[in-house]
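Structural features, examined
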Amino acid sequence: MNFDLTSEQSMIKRTIREFAEEEVAPGAIERDKTKQFPTEIFKKLGELGMLGLPFPEEYGGAGADTVSFAIVTEELSKACASTGITYSAHISLGGAPINLFGTEEQKQRYLTPICTGESLGAFGLTEPNAGSDAGGTQTTAKEENGEYIINGSKCFITNASYANHLAMTAITGEQNGIKEITAIIVPTDAPGFKVIDNYEKMGLNASNTTELVMDNVRVPVENLLGKKGEGFKQFLITLDGGRIGIGAMAVGVAQAAYERALQYAQERKQFGKSLSKFQAIQFKLADMAMKIELARNMVYKAAWLKDQGRPFSKEASMCKLYASEIAMQVADQAVQIHGGYGYMREYEVERYMRDAKLLEIGEGTSEVQRMVIARLIGC
Ligand SMILES: Cc1cc2nc3c(=O)[nH]c(=O)nc-3n(C[C@H](O)[C@H](O)[C@H](O)COP(=O)(O)OP(=O)(O)OC[C@H]3O[C@@H](n4cnc5c(N)ncnc54)[C@H](O)[C@@H]3O)c2cc1C
């Protein structure tokens, strides 16, 4: 067993860490306050070749592996989780389904601009009445004269304001009383398509989270992604990969919180000693370090299995569940170690706590992950 990164993975890690420290971290507090989307950062990530990282070179990607994607997501999230979620959704929810299920023409047309950064990637599954139960989709796509006419709405969709197109699920028919759910690629500038960027969020303030409204949106039937009626299955496969992204984000946020807490505990003196000399604080930090180590190993293992072409659904679900829950615990303890200062924005740990909460919710809540794992272990 080899736990070392390859030379390519190490090089990507060095590059993205330097970029994250110099370009992403400095504005994170300000962006959290102003809710300003990190447009410039994404322009630069495009120039660095990070926006098509795991996709084939013929579409402008870098042909790197999933472990590298996890490393980049972790490092960006450590500096700014809003940047991390934007990146993770761009790759694993926006680009991945087109790469996995698209025709050659669709990849040329829709994956290439994602790889170059001309469009950010987005993915439309969740609806007001279809969250954990994504099969409850109510959006419809009626076929008529070589077109799909789409009506309905989606909620909580990441990146849609910056996407030229996105894949979404819609009902295209019914078979034996069961809804036929199909994935369709929809250009966001199509007449009748509205992207609403109006949410007031708890955290991830600089990320773009939108509502989509489709009112008689017409797209040619060639925009069908994969096979008719297989949209639900395709999105479940997409979410398996996405969960590695959320796991990596969680490791990044937890690592940032832990490093802040360790440094603070070494510097802050009470009762004539550094906080780090009190066993109660040492044990908190030891637990934080151990949980992060385990979460990162779980994320890398799931990514590695995916790269080997082996089954990875269970490991992806486990790493997402564990990493997101420990990110919340670590951020909470980091605030605790900072005492009253931890409650203040400038110490950043309160932001980590607000940002971490989404990781237990998005791409399948913790409850849903436990349901997935239970199914996969044969319950
Ligand atoms: C910031 C943000 C970004 C997002 N980005 C995207 C995106 O890009 N694309 C996209 O499609 N979606 C996105 N989502 C949606 C996200 O995936 C959903 O919010 C999530 O899947 C949960 O769905 P819900 O919010 O409808 O909650 P619900 O499904 O209503 O769940 C509410 C609660 O009930 C629990 N619950 C539900 N069913 C069960 C059950 N059977 N057993 C036990 N407990 C259950 C849940 O675990 C949860 O605790 C995003 C959400 C947020 C907040």
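Predicted model only: the values in this text are computed from it and were never measured. The written sequence of each chain sets the order in which its residues are numbered from 1. Only residues with pLDDT of at least 70 are given local features in this predicted model, and only at 80 or more are side-chain atom pairs given and counted; all residues enter the totals for whole chains, interfaces and linings. Only hydrogens and water are removed before side-chain values are computed, so all heavy atoms of the structure are retained for them.

A look at the overall build of the protein
Helix numbers and strand numbers start at the N terminus; a helix is a DSSP run of H or I with at least 4 residues, a strand a run of E with at least 2. A tally of regular secondary structure across the protein gives 11 helices and 10 strands. Our radius of gyration is a C-alpha quantity, and the globule rule it is checked against amounts to 2.2 Å times the number of residues to the power 0.38. Here the C-alpha radius of gyration of the protein, 21 Å, is about what a compact globule of 379 residues would show, namely 21 Å. Along the three orthogonal principal directions, the C-alpha set of the protein runs to about 80 × 45 × 40 Å. Exposure classes here rest on a 1.4 Å probe applied to the protein chains alone. A residue is buried below 20% of its type maximum, exposed above 50%, and partly exposed in between. Within the protein, the proportion of its 379 residues that are buried is 53%. Long-range pairs, those at least 24 residues apart, make up 74% of the contacts in the protein between residues at least 6 apart in sequence. Accessible surface is estimated by sampling points in the Shrake-Rupley manner with a 1.4 Å probe; for residues, cover comes only from the protein chains shown. Total accessible area on the protein is roughly 17,200 Å²; 51% of this is exposed by carbon and sulfur atoms. Counting rule for charge: Lys and Arg are taken as positive, Asp and Glu as negative, and neither His nor the chain ends is counted. Taken as the charge location is NZ of Lys, CZ of Arg, CG of Asp or CD of Glu. Positive and negative charge centroids in the protein, built from 40 and 48 side chains respectively, lie 6 Å apart. Contacts are assigned to residue pairs with any non-hydrogen atoms lying within 4.5 Å of each other.

Looking at the side chain of Arg243
For Arg243, the position within the fold is in helix H7 (residues 231-267). For Arg243, a relative accessible area of 6% gives the class buried. Residues in contact with Arg243, not counting those within four places in the same chain, are Ala316, Ser317, Cys319, Lys320, Glu363, Gly364, Gln369 and Val372.

Re the side chain of Thr169
By the element assignment, Thr169 lies in strand E4 (residues 165-175). Given a relative accessible area of 0%, Thr169 falls into the buried group.

A closer look at unusual backbone geometry
Phi at Asn145 is positive, roughly 50°, even though this residue is not glycine. When you line up the elements, Asn145 lands in the loop between strand E2 (140-144) and strand E3 (147-158). Of the residues examined, Asn145 reaches a relative accessible area of 76% and is grouped as exposed. Positioned with a positive phi, Asn176 is a non-glycine residue whose angle comes to about 50°. Mapped onto the elements of the fold, Asn176 is located in the loop between E4 and strand E5 (178-187).

Side note on helix H3 (residues 39-47)
Along H3, the residues classified as buried are Ile41, Phe42 and Leu45. Projected down its long axis, H3 carries its buried residues within an arc of 95°, all on one side. Think of it as the arc spanned by the lines of direction from the helix axis to the C-beta atoms.

Structural notes on the nonpolar core
In terms of nonpolar packing, the biggest core is built from 87 residues, with Leu45 and Tyr87 touching the most fellow members. By residue number, the principal contributor to this core is H7, which donates 16 residues. In this structure, Tyr148, Ile157, Met168 and Val217 belong to the second largest nonpolar core, which totals 19 residues. We define the nonpolar core as a collection of buried residues of types Ala, Val, Leu, Ile, Met, Phe, Trp, Tyr and Cys that are connected through side-chain atoms lying within 4.5 Å of one another.

Comments concerning the domain arrangement of the protein
Domain delimitation follows an automatic or database domain assignment. Domains assigned within the protein are domain 1 (7-116), domain 2 (123-229) and domain 3 (233-376). The gap between the C-alpha centroids of domain 1 and domain 2 is 23 Å. Across the contact, 22 residues belong to domain 1 and 17 residues belong to domain 2. The term salt bridge refers to a pairing of a side-chain nitrogen on Lys or Arg with a carboxyl oxygen on Asp or Glu at a separation within 4 Å. When the shortest N-O distance is used, the salt bridge between Lys35 and Glu200 registers 3.1 Å. Here a polar contact means two N or O atoms within 3.5 Å. Within protein one must be a hydrogen donor candidate and the other an acceptor candidate, and residues neighboring in sequence count only if both atoms are side-chain atoms. One can count 10 residue pairs in polar contact (both at pLDDT 80 or more) joining domain 1 with domain 2.

Describing the packing of aromatic side chains
The pairing test for Phe, Tyr and Trp rings, Trp by its six-membered ring, is centres within 6.5 Å, and the orientation test on the planes gives stacked under 30 degrees, edge-to-face over 60, and tilted for anything in between. Per the counting criterion, the structure on display carries 9 aromatic pairs. Ring geometry for Phe37 and Phe42: centres 6.1 Å apart, planes at 25°, overall stacked. Accessibility expressed as a relative area gives 5% for Phe42, which makes it buried. Note on Phe37 and Tyr162: the rings are 3.8 Å apart at their centroids and 10° apart in plane angle, and the pair reads as stacked. Of this pair, Phe37 sits in the loop between helix H2 (28-34) and H3 while Tyr162 sits in the loop between E3 and E4, placing them 125 residues apart in sequence. An aromatic cluster of at least three residues, connected via ring pairs, comprises Phe37, Phe42 and Tyr162.

What to know about helix H11 (residues 366-376)
Of all the residues in H11, the buried ones are Ser366, Val368, Gln369, Val372 and Ile373. Viewed along the axis of H11, the buried residues span an arc of 155°, placing them on a single side of the element. Away from its buried face, by an angle of more than 90 degrees, H11 presents the exposed residues Glu367, Met371 and Arg375. Looking at the packing, one finds that the buried side of H11 touches H7 and helix H9 (313-338). Just downstream of H11, Gly378 is the residue with a positive phi angle, here 95°.

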